[in-house]
Amino acid sequence: MLDKRLLNRFSSRVNVPEDWVENLEKCWIWIANADRDGYGRISLKGFQYKAHRISWEIYNGPIPNGLLVLHKCDNPSCVNPNHLFLGTHKDNSFDMVNKGRSNHFLGSTNSRSILSEHDVLEILTSVENGAITSIDQIINKYKVSKSTIFQIFDGKNWQHVVKDYYDFDHLKYLKNKIDTRGVLKFDDIIDIRDRFIKGETVTSIAQLYGVSYNTINSIKLNRSWKNFE
């Protein structure tokens, strides 16, 4: 990936302080394209790469599989290799909490979380390679609700893990690969009724659970599951 063309493109898009050798604490600011979180982006041959990851590979070598490149300076636009370090998804979650960049505990740092960062990536990878073909397989293996799974595929939860590997279009593609119809379970009914109380529409809940409008409307009108409290 690190050919001469990419190296030239990278160096021309970084503002490096003249006195950076004497002042290693100064950030190298990426001055080209950035994503919505402020991280620099660089494209080559139709692929997009994160600028700080390219910086790590230029100055430190390949990034081991499964590891992220994190910032000591907490500045997304910085590509100074002295400000970068390798870490796991769990390290990233704890780092975000410790630096006050989250109002709640993310991923496995949340004591109520059933899934781990590894589980989320394993689910998506298994769908990608065809090892998982239905939502019921995920429910049975990981013991989570259908809504929890859909929140991953819809990009609503676990984005601190997913965004380094999958964009929203690819998540949608993976969601469409699996059979999401399934059968509603007791935990689903509890969640659906809670969503009614919160004011969510029948249509939005039906889309979330991958069932028909009439199925959800029957629950709302107490025509089905009426004896389940």
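Structure first, text after, so check above.
Residues numbered from 1 in each chain as written. Predicted model: local features only at pLDDT ≥ 70, side-chain atom pairs only at ≥ 80, totals over all residues. Heavy atoms only, no water.

Chemist: How should unusual backbone geometry be read in this particular structure?
Modeler: One non-glycine residue with positive phi stands out, namely D74, at about 60°. Inspection of the secondary structure puts D74 in the loop between strand 5 (68-71) and strand 6 (84-87). At N222, a residue that is not glycine, the phi angle is positive and equals roughly 65°. Position of N222 among the secondary structure elements: in the segment after helix 11 (213-220). Here N222 falls in the partly exposed class, since its relative accessible area comes to 41%. (Helix = DSSP H or I, 4+ residues; strand = E, 2+ residues; numbered from the N terminus. Buried < 20%, exposed > 50% of the residue type's maximum accessible area, 1.4 Å probe, protein only.)

Chemist: Help me out: how do you make sense of the side chain of H71 in this one?
Modeler: With respect to the helices and strands, the residue H71 is situated in strand 5. Polar contacts involving the side chain of H71 include one to the main-chain carbonyl oxygen of N75, which spans 3.4 Å. A polar atom in the side chain of H71 sits 2.8 Å from the backbone oxygen of C78. (Polar contact = N/O pair within 3.5 Å; in protein donor to acceptor, adjacent residues only side chain to side chain.)

Chemist: What is the right way to read the state of the cysteines from this model?
Modeler: Where two cysteines share a covalent bond between their sulfur atoms, that bond is called a disulfide. Across all of its chains, the model carries zero disulfides by this definition. Not engaged in a disulfide, the cysteine C73 finds its nearest cysteine sulfur in C78; these two sulfurs lie 3.8 Å apart. You can see C78 has no disulfide; the closest cysteine sulfur is in C27, sitting 3.7 Å from it. The exposure class assigned to C78 is buried, which follows from its relative accessible area of 0%. (Disulfide = S-S within 2.5 Å.)

Chemist: Where do I start with the packing of helix 6 (residues 146-153) against helix 8 (residues 168-177) in this structure?
Modeler: When two helices pack together, their arrangement is given by the angle between the helix axes and the distance between those axes. Where helix 6 contacts helix 8, the two axes come as close as 8 Å, and the packing angle between them is 140°. When the axes of helix 6 and helix 8 are compared, the pair comes out oblique. Contacts between helix 6 and helix 8 involve F150, I152 and F153 on the former and, on the latter, L171, K172, L174 and K175. Residue composition of the contact of helix 6 with helix 8, by class: five nonpolar, no polar and two charged. (Axes fitted to C-alpha atoms, helices over the stretch in contact; angles between N-to-C directions. Parallel < 35°, antiparallel > 145°, perpendicular 65-115°, else oblique. Contact = heavy atoms within 4.5 Å. Nonpolar A, V, L, I, M, F, W, Y, C, P; charged D, E, K, R; others polar.)

Chemist: I tried to follow helix 4 (residues 117-128) on my own but got confused; where do I start?
Modeler: Between its first and last C-alpha atoms helix 4 spans 17 Å; for twelve residues at 1.5 Å apiece the expected length is 16 Å, and the two agree. Of the residues making up helix 4, those classed as buried are E117, D119, V120, L121, I123, L124, S126 and V127. Looking one or two places after helix 4, you find G130, whose phi comes out positive at around 85°. (Expected span 1.5 Å × (residues − 1).)

Chemist: Sorry if this is basic, but what is going on with the packing of aromatic side chains here?
Modeler: To describe a pair of aromatic rings, you give the distance between the ring centres and the angle between the ring planes. Counting across every chain of the model gives two aromatic pairs. Their ring planes at 40° and their centres at 5.6 Å tell us that F10 and W30 sit as a pair that is tilted. Placement of F10 in helix 1 (residues 4-11) and of W30 in strand 2 (residues 29-30) is noted, with a sequence separation of 20 residues between them. Assessed through its relative accessible area of 6%, W30 is described here as buried. Measuring from ring centre to ring centre gives 5.8 Å for W28 and Y59, while their planes differ by 80°; the resulting arrangement is edge-to-face. Of this pair, W28 sits in the loop between strand 1 (14-15) and strand 2 while Y59 sits in helix 2 (residues 51-60); the two residues are 31 residues apart in sequence, bridging distant segments of the chain. Between the NZ or CZ atom of K50 and the centre of the ring of Y39, over which it lies, the distance is 4.9 Å. (Phe/Tyr/Trp six-rings, centres within 6.5 Å; stacked < 30°, edge-to-face > 60°. Lys NZ or Arg CZ within 6 Å of the ring centre and 35° of its normal.)

Chemist: Mind showing me how you'd approach the nonpolar core here?
Modeler: Across soluble globular proteins, nonpolar side chains show a tendency to be buried alongside one another. The biggest cluster of nonpolar side chains holds 35 residues, and the ones touching the most others in it are L115, L124, I138, F153, I192 and I216. Apart from the residues within four sequence positions on either side, I192 is in contact with L184, I205, Y209, I216 and I219. Ranked by size, the runner-up nonpolar core spans ten residues in total, among them V14, W28, I42 and I54. (Core = buried A, V, L, I, M, F, W, Y, C linked by side-chain atoms within 4.5 Å.)

Chemist: I tried to follow helix 9 (residues 186-197) on my own but got confused; where do I start?
Modeler: The periodicity of an α-helix, 3.6 residues per turn, causes residues three or four positions apart to be oriented the same way. Taking 1.5 Å as the rise per residue, helix 9 with twelve residues should run 16 Å; its terminal C-alpha atoms sit 17 Å apart, in good agreement. The inward-facing, buried residues of helix 9 contact helix 6, helix 10 (202-209) and helix 11.

Chemist: Could you clarify how one ought to interpret the packing of helix 9 against helix 10 in this entry?
Modeler: One can describe the packing of helix 9 onto helix 10 by two numbers: an axis separation of 10 Å at closest approach and a directional angle of 150°. What the angle tells us is that helix 9 and helix 10 run roughly antiparallel. Crossing geometry of helix 9 relative to helix 10 is assigned as right-handed. Side by side, helix 9 and helix 10 meet where D188, D191, I192, R195 and F196 of the first sit next to V202, I205, L208 and Y209 of the second. Class assignment of the residues belonging to the contact of helix 9 with helix 10 gives a composition of six nonpolar, no polar and three charged. (Left-handed = near helix turned anticlockwise from the far one by under 90°.)

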